[in-house]
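# Summary of structural features
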Amino acid sequence: MITAAFCFATMGALAHTAGARCDWLLVAFLRIACTFVFSVELARAAGARLVVWRPRTLWMRSVAGTISLVCSFYALTHLPIADALTLTNTYPLWIVLVSSRRRGGGEIGADLACVVCAVLGVVLIQAPYLSGTGDHRAVFVALLASFATAVAMMGLHRLREVDARAVVAHFSGLASLVLAGLLVFVKPSAISATFDRTAVFLLLGVGVCGTVGQVLLTKAFASGPPARVAVLSLTQVVFGLGYDLILQTRQLTFTTLLGFVMVLAPTAWITLQAARRSEPDRLTREDGLRERSLAS
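Counting restarts for each chain, with residues numbered from 1 along the sequence as it is written. Residue-level local features of this predicted model are given only where pLDDT is at least 70; pairs of side-chain atoms are given and counted only at 80 or more, and the full residue set underlies all totals for whole chains, interfaces and linings. The side-chain values count all of the structure's non-hydrogen atoms but skip hydrogen atoms and water molecules.

Moving on to the overall build of the protein chain. Numbering of helices and strands runs from the N terminus; a helix is a DSSP stretch of H or I covering at least four residues, while a strand is a stretch of E covering at least two. In terms of regular secondary structure, the protein chain is built from 13 helices and zero strands. For the exposure calls, accessible area comes from a 1.4 Å probe over protein chains only, and a residue counts as buried if that area is under 20% of its type's maximum, exposed if over 50%, partly exposed in between. Here the protein chain holds 296 residues, and the buried ones make up 47% of them. Contact between two residues is taken to exist if any of their heavy atoms lie within 4.5 Å; hydrogens are not considered. Long-range pairs, those at least 24 residues apart, make up 87% of the contacts in the protein chain with a sequence separation of at least 6.

What follows is the structure in structure tokens.
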């Protein structure tokens, strides 16, 4: 997972740099098109059945994932790398807000305290943009990306009966079509633009790093406890911060660093708490399956 996080942070750094040389929509399209080709070939090699129309939840996941992808790449090309990665990885907080009705008062209070802490952290990170020294619109777009990711993740929970490779293929296929349509009908100039060798290298790097990161991410979640793996995925913010310091010679303030901590710490805590809540349910299901197996 740490290697996957490094790949995603590298993809973010390449996308940020490529955004200065070509349109961000083209960067996003090449990223997801590589994932689509790879996921389809992987599904075919494994004999997994690709699905298109049903179940309907699959479309909810793919639409939300497409919105998240578009917003994430806009943020990556308009914000410092670490800021974009931090804001787009706050999706566990949105999941808490959406699902808070189903938990007890004590749990809700602790989770809401985490949400408040993270919101204050976002305000601290956003301070330079409110003062007019950055793109404040990109901050809200990054938060929209995290909300769309939360919706996609909740949709994934209902798609346990569908092969994961088929889910990725469906999402990446829809996202590729949407981005291709935007490029052709909204920004055709992005396609006809002339690119130098550096731009081509950056675009290829985005596709390769994103695809490798996706493979390692899938392997990590298949091999280890999902909640702890998800927490490790937050290390991409650390790598992104390193890219900011090295490539952009960014000067970090105490306020910004405090904002990072106030966002990432409650996000990690909520993820681990969710794992602890789900563990008894998982054990109960396993015990039930074991009893039915013995009875038969």
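From this point, the discussion proceeds with the structure in view.
Across its 23 residues, helix H8 (residues 164-186) extends 32 Å between first and last C-alpha, which sits within 8% of the 33 Å expected from 1.5 Å per residue. Here H8 has its buried residues at Ala166, Val167, Ala169, His170, Phe171, Ser172, Gly173, Leu174, Ala175, Ser176, Leu179 and Leu183. Given the number of residues in a helix, its expected span is that number minus one, multiplied by 1.5 Å.

All axes are obtained by fitting lines to C-alpha atoms, using only the stretch in contact for helices, and the reported angles, taken between N-to-C directions, cover 0 to 180 degrees. With their axes 9 Å apart at the nearest point, helix H3 (residues 56-78) and H8 run at an angle of 50 degrees to one another. With respect to H8, the element H3 is oriented oblique. Judged by the twist between their axes, the crossing of H3 over H8 is right-handed. Contacts from Leu58, Trp59, Arg61, Ser62, Val63, Gly65, Thr66, Leu69 and Val70 of H3 reach H8 at Val167, His170, Phe171, Leu174, Ala175, Val178 and Leu179. Residue type decides the class: Asp, Glu, Lys and Arg count as charged, Ala, Val, Leu, Ile, Met, Phe, Trp, Tyr, Cys and Pro as nonpolar, and the leftover types, Gly among them, as polar. Classifying every residue of the contact of H3 with H8 gives 11 nonpolar, four polar and one charged. To sort the angles, those under 35 degrees are grouped as roughly parallel, those over 145 as roughly antiparallel, those from 65 to 115 as roughly perpendicular, and the leftovers as oblique. Left-handed describes a crossing whose near helix is turned anticlockwise from the far helix through less than a right angle; right-handed describes the clockwise counterpart.

Another point: the environment of serine 172. You can see serine 172 is positioned in helix H8. The spacing of serine 172 and leucine 69 is 103 residues in sequence and 9.7 Å in space, taken between C-alpha atoms. Not counting chain neighbours up to four residues away, the residues in contact with serine 172 comprise Ile32, Thr35, Phe36 and Ser39. Distance and chemistry together define a polar contact, namely a pair of N or O atoms within 3.5 Å, with one atom able to donate a hydrogen and the other to accept it when in protein, and with adjacent residues in sequence counting only for side-chain atoms on both sides. A polar atom in the side chain of serine 172 sits 3.3 Å from the backbone oxygen of alanine 169.

A separate point is the packing of aromatic side chains. When the centres of two rings from Phe, Tyr and Trp lie within 6.5 Å, Trp using its six-membered ring, the rings pair. Their planes under 30 degrees apart give stacked, over 60 give edge-to-face, and anything left gives tilted. Tallied over the entire structure, the rule returns three aromatic pairs. Where phenylalanine 6 meets phenylalanine 239, the ring centres are 5.3 Å apart and the plane angle is 80 degrees; that geometry is what we call edge-to-face. In this pair, phenylalanine 6 sits in helix H1 (residues 2-18) while phenylalanine 239 sits in helix H12 (residues 235-247), placing the two residues 233 residues apart along the sequence. Among the residues examined, phenylalanine 239 registers a relative accessible area of 26% and is labelled partly exposed. An aromatic cluster of at least three residues, connected via ring pairs, comprises Phe6, Phe239 and Tyr243. Over the face of the ring belonging to phenylalanine 171 we find arginine 61, whose NZ or CZ atom lies 4.6 Å from the ring centre. Either the NZ atom of lysine or the CZ atom of arginine qualifies as a charge over a ring when it sits within 6 Å of the ring centre and within 35 degrees of the ring normal.

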